[in-house]
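Coordinate analysis (summary)
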Amino acid sequence: MRHTRRRAAALAALMSVLACGPSDGAARDEGPAGARAGAAGIGDADFPTDGNGGYDVAHYALKLGYTPASKQLDGEATIRATATAPLSRFNLDLRGLTVHGVWVDGTTATFTRAGDELTVVPARPLARGVPFIARVSYSGVPEPVRNSTNLGTYGFVPTPDGAFVACEPNGAKTWFPGNDHPADKAAFDFEITVPEGVTALANGELRGEPRTSEGRTTFRWRETHPMTTYLATATIGKFHLKKGTTTGGIPNLAAVDPRFRSTLEKFHRVSGEITDYWSTVFGRYPFGSTGGVVDDFSAGYALENQTKPIYGGFEPDDGIIAHELAHQWFGNSLSIKRWKDLWLNEGFATYAEWLWSEHKGRRTADALFASYHARPATDPIWSYPPGRARPADLFNESVYTRGGMTLHALRRAIGDRTFFTLLKTWAAEHRYGSVTTEQFVALAERLSGKQLDALFDAWLFQPRRPA
Ligand SMILES: [Zn+2]
């Protein structure tokens, strides 16, 4: 979550005046005293080079051109950020692609590349608390992350008719330079130009009708609410669209690859119905629109891209739609500060599937909990404590199933009334913010008046089946 800048900026301006005394001409030319290199990682020990230190991004403007036939991406990223330390240089995350130039506050900066790090050296050091604008011009054929122990293939994935773009946990760097870690959320503008007849789908809402000129069409999308980089998308291809609003009045856009054309009506209706239902259970919908995208790339997963969950190569059933739309509250509006707390996303979205099942008169959450708890003591979910997701196996079933069971065990301990108040309060108090497991435990204890350390310890942190 971002704090107000005004006070920090004023303080930094004062500090830089004090640092460069009037008799110290050399220091004045060099900018703020003590300027140093920003860290190559944001401080998540499990992903030491993900994200970067020394600044906080407020806004990304991504101007992209993409040609499916050649897979050529031409990009210009304009990043509005604030230095959180005096910086002589700072890093952006970018994988592959060719950088043509970098500018900071309109002045040419020098840069170097090493692995997935783009190091930018501004002509003048940056003062702490002062906003700056970095612009990066780049192009090339994006290379997604492949054979990962986490999501297999992810990032910007070229497809025959465009690209499938799903980036959890750190694939945003495959298509734009940024601070690629969920701890730094920002608003986004997208301007995506593709061949006429091709559709570009990004987060948030369309700004005006797409414009076509000389055989190329430009789509402009805007997501004004804070978003983590892994939830950003620029999914491109041939799509059938259905626009409308949910019964509750939320704009609803569904898009399906032609292969799934017959599923469009139902997909649109069910996504709307579930968004409205979660609004009654979790509180007001946090974003400006809902819906989803079914693409023809067989990813083997769905991802909760903000406002536009994406389903990779299959017709989603209502259970998985319920999961991805629950993430709009838990994972997207409320984001984790560190990947080890991933159960706050996945345990909640899994439990939402159980709540949906109960709501539809199918198996109750209680019955689902019992069926999982009956698994033998040797089942792998008991040896993997879900409260500490492991970097090489983030999406382990335990993080989902045992994470969901944790919430059900909590519900039984504090009662339905307190439990559902807790879900709404959690979503409201941390709306658009960043959260930790400790904060959730503290809120559960505050609302219930109960000491819950033993319950959370047994369910989240012990390598054995809780009693
Ligand atoms: Zn999920």
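Residues numbered from 1 in each chain as written. Predicted model: local features only at pLDDT ≥ 70, side-chain atom pairs only at ≥ 80, totals over all residues. Heavy atoms only, no water.

**Observations regarding the overall build of the protein**
Quick note on the threshold: Helix and strand labels come from DSSP, where a helix needs a run of H or I of at least four residues and a strand needs a run of E of at least two; each type is numbered from the N terminus. Two things to know: the radius of gyration comes from C-alpha atoms, and the globule rule equals 2.2 Å times the number of residues to the power 0.38. Only protein chains enter the accessibility calculation, which uses a 1.4 Å probe; a residue is then buried when its area is under 20% of its type maximum, exposed when over 50%, and partly exposed in between. Here the accessible surface of atoms and residues is derived via Shrake-Rupley with a 1.4 Å probe, and residues count as covered only by protein chains that are part of the display.
Scanning the protein for helices and strands turns up 11 helices and 24 strands. Here the C-alpha radius of gyration of the protein, 23 Å, is about what a compact globule of 467 residues would show, namely 23 Å. Dimensions of the protein, computed from the C-alpha atoms along their principal axes, are close to 75 × 55 × 40 Å. Each of the 467 residues in the protein was classed as buried or not, and the buried ones make up 58%. Taken as a whole, the protein presents about 18400 Å² of accessible surface, with 53% of it coming from carbon and sulfur.

**Observations regarding the coordination of the zinc ion**
Note the following rule: Any nitrogen, oxygen or sulfur atom within 2.8 Å of a metal ion counts as a donor, with the limit raised to 3.2 Å for Na, K and Ca, and since water is left out, coordination shells can look unfinished.
Around the zinc ion, the protein contributes the donor atoms His323 (NE2), His327 (NE2) and Glu346 (OE), which lie 2.0 to 2.1 Å from the metal centre. The sequence pattern describing where the donors of the zinc ion fall on their chain is H-x3-H-x18-E. A residue pair is termed long-range when its members are at least 10 positions apart, and His323 in helix 4 (residues 318-326) and Glu346 in helix 5 (residues 343-359) qualify at 23 residues. Across the pair, Glu346 and His323 agree in class, each one buried.

**Observations regarding the packing of helix 4 against helix 5**
Spelled out, the test is: Whenever a helix is involved, its axis is fitted only over the stretch in contact; in every case the axis is a line through C-alpha atoms, and angles between N-to-C directions fall within 0 to 180 degrees. These descriptions rest on fixed angle ranges, namely under 35 degrees for roughly parallel, over 145 for roughly antiparallel, 65 to 115 for roughly perpendicular, and the rest for oblique. Crossings are assigned a handedness: left-handed for a near helix turned anticlockwise from the far helix by less than a right angle, right-handed for a clockwise turn. The contact rule is simple, with two residues in contact once any of their heavy atoms fall within 4.5 Å. The classification used treats Ala, Val, Leu, Ile, Met, Phe, Trp, Tyr, Cys and Pro as nonpolar, Asp, Glu, Lys and Arg as charged, and all other residues, Gly among them, as polar.
The N-to-C vectors of helix 4 and helix 5 enclose an angle of 135 degrees; their axes lie 8 Å apart at closest approach. With respect to their mutual orientation, helix 4 and helix 5 come out oblique. Between helix 4 and helix 5 the crossing geometry is right-handed. Listed contacts from helix 5 to Asp318, Gly319, Ala322, His323 and Ala326 of helix 4 are Glu346, Ala349, Thr350, Ala352, Glu353 and Trp356. Here the contact of helix 4 with helix 5 is built from residues that sort into five nonpolar, three polar and three charged.

**Quick word on the sheet that holds strand 18 (residues 240-245)**
Stated precisely, the cut-off is as follows: Strands are labelled as partners when DSSP assigns at least two bridges between them.
Taken together, the five strands give an open sheet; going across it, the order is 18-19-20-22-21, and neighbouring strands pair in mixed fashion. This sheet does not close on itself; its edge strands, each paired only once, are strand 18 and strand 21 (302-303). In the packing of helix 3 (residues 264-282) onto the sheet, the strands contacted are strand 18, strand 19 (251-256), strand 20 (290-295) and strand 22 (310-312), and the crossing angle to strand 19 comes to about 145 degrees.

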